[in-house]
Amino acid sequence: MKKFSFFHILSILLIVASVSMMAYKVFVLGFPLTPDANSSTWNIEAEIVFDANDSASSVELQIPQSDYLFDISNEHFVARGYGAVVTEQDRGRSVRFTIRRADGKQVIYYSAAVRQKNEQYTVPDSPPPLLTENHFTNAQLTAAENLISYIGQKSFDSESFISLLVEEIKHPQNPNTQYLTAGLKSNLSKVNLTVRLLALAGIASDALHGVPLYEGRKVNLVHWIEVYVDNKWITFDFNNGVFSVPENFLTLWRGSEPMAKGSGIDNLYVNLSVQKRIESQIENTFAIVGKTSPAITAFSLFSLPVETQELFKTILLIPLGALLLVILRNVIGVSTFGTFMPILIALSFVETKLLAGIILFSTIVGIGMIFRLLFEKLHLLLVPRLAAILIIVVLIMAILSVVSYRLGFNYGLSVAMFPMIILTMTIERMAIVWDENGASAAIKQGVGSLSIAVLAYLIFVSQYIEFILFVYPEVQLVFLAFTLLVGRYTGYRLMDLFRFRAFAEGK
């Protein structure tokens, strides 16, 4: 019996260290082991980027306000050298960042926790506001009145009037509309024009702007209009052009003001990120632990910006996929093209979805193999041949995207998620195996690669696995320990039992 070596002791220490840290978090700090599926708490972060002109600068950002639907808490302003003053108003809140002198690119962060208090959005039960001042020039006023008359002749009631007016503003057909919307590129400016036109038509309305509460590193603004019709408020979805009630919609501000504006600056834009808190218990735990052991919270992945957290949720899955690949290759004996090709393809499947990803991958590799066999007759050198295959792969991806889009299959647009270099090397390697060992060996390795990619995909889309690996990143030490152990395995592979079965039966 072999004695324990330093190698085995190292692997055991890694496992013990990982399990110990997890046990401490679970039993001492109270961290959960399962994601909170019913959580209604979100992190919203705004990244304000602009160029300062070596002078006094100020930036005003519209920020959400607590109401009957949401509670806003844990607000943080990350603006080095800037002063921050929050202003409370009836129609919303804003924060103004100021500095005596700044120059060059500037980045300011605002973040807050959004906790949902009520599931159902309710339109305001309040009297109508004063009609918005239209501020039209004489020529614009004439065009606006002609447009209102034109829409009024086509509409049946107030609701149809609003729907037709919004559709006309979004897709101008009437010359008066084209004149009024000239230069209006953003939905925000078109919403503001709609509110002004409704006021001119005698309909009280208000614009509200916000974000849908779904996870994403970059979330686009959504615009709604609250309209006072027949002595009641109704809501209109400007983006989709329908009357409906907002779902999972956080209002950031109301009115015609832009989300951010400033003085002494140029090139101002705002990136919004939203993340659902999958662990309400962790939030409570961090609030307690932050007072007694601040180092734990300071060096946690949850202390990173929301956009970076979303990135690490994917990164932390890769080592588990690599461990799966190691076991299937070194213990089971599955043949693959390349070392980590199946893992990278599995990450692409997450974006394209499994069935569409398999079809797209097989199509690209299949067509690429045809061209690779044609290039073989040209007797190209290795590097030019690889470059030619890469060009073919890019062209195939572009053609598949266009054709799938024209046919109405949006999954084809995700073909760009496939790693082009990996596909190129896969085609080259498959062609070499085809030439040296025959078509069956090449197909066998291709199926093996695709099988591992599918298994890795099933791991990558598991919310439970994603939760465990993000909350307990020390689990990576267990993956490392098992990878080291498998790396020293020199026995028979499971597939060898089938390969040498005839030899065993003939002894």
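You'll find the structure just up there.
Residues numbered from 1 in each chain as written. Predicted model: local features only at pLDDT ≥ 70, side-chain atom pairs only at ≥ 80, totals over all residues. Heavy atoms only, no water.

Undergrad: How do you make sense of the overall build of the protein chain when you look at a structure like this?
TA: Secondary structure assignment for the protein chain yields 18 helices and 11 strands. Buried residues in the protein chain amount to 43% of all 507 residues. Put simply, 76% of the contacts in the protein chain that link residues at least 6 apart link residues at least 24 apart. With an accessible surface of roughly 27500 Å², the protein chain has 60% of that area assigned to carbon and sulfur atoms. (Helix = DSSP H or I, 4+ residues; strand = E, 2+ residues; numbered from the N terminus. Buried < 20%, exposed > 50% of the residue type's maximum accessible area, 1.4 Å probe, protein only. Contact = heavy atoms within 4.5 Å. Areas by Shrake-Rupley, 256 points an atom, 1.4 Å probe, with all protein chains shown as cover.)

Undergrad: Is there a simple way to think about the pattern of salt bridges in this case?
TA: Between side chains of opposite charge, a pair can form when the charged atoms approach closely. Tallying each qualifying case throughout the model produces 10 salt bridges. The shortest N-O distance in the salt bridge between R254 and E226 comes to 3.3 Å. Taken as a pair, R254 in strand β9 (residues 249–254) and E226 in strand β6 (residues 222–229) lie far apart in primary sequence, 28 residues in all. A relative accessible area of 2% places E226 in the buried class. Each member of the salt-bridge network shares a partner with another, and the members are R372, E376, R385 and E428. (Salt bridge = Lys/Arg side-chain N within 4 Å of Asp/Glu carboxyl O.)

Undergrad: Looking at this model, I keep getting lost on empty space enclosed by the protein. Mind explaining?
TA: A water-sized probe, rolled over the atoms, reveals where empty space remains. Summed over the entire model, instances satisfying the criterion amount to two cavities of 30 Å³ or more. Taken together, I44, E45, A46, Q62, P64, Y110, L252, M259 and L272 make up the full set of residues lining the second largest cavity. (1 Å grid on protein atoms, 1.4 Å probe; cavity = no way out; pocket = protein on both sides within 12 Å on 5 of 7 lines; lining within 4 Å. Points joined across faces, edges and corners; volume = space filled by probe spheres on them.)

Undergrad: Before we go on, may I ask you to explain the pairing of strand β1 (residues 41–63) in this structure?
TA: Taken residue by residue, a regular strand's side chains alternate between the two faces of the sheet. Counted residue by residue, β1 has 17 buried out of 23 residues, so it is predominantly covered. Pairing geometry for β1 and strand β4 (residues 92–116), over 21 bridges, is antiparallel. Residue pairing across strands places A52 opposite G104, the latter belonging to β4. In this structure, β1 lies alongside strand β11 (residues 265–276), joined through 10 bridges in antiparallel fashion. Each residue of the ladder has a partner; that of N43, found in β11, is Q275. Sheet topology places β1 next to strand β10 (residues 260–263); four bridges connect them, and they run antiparallel. Each residue of the ladder has a partner; that of V59, found in β10, is G262. (Pairing = 2+ DSSP bridges.)

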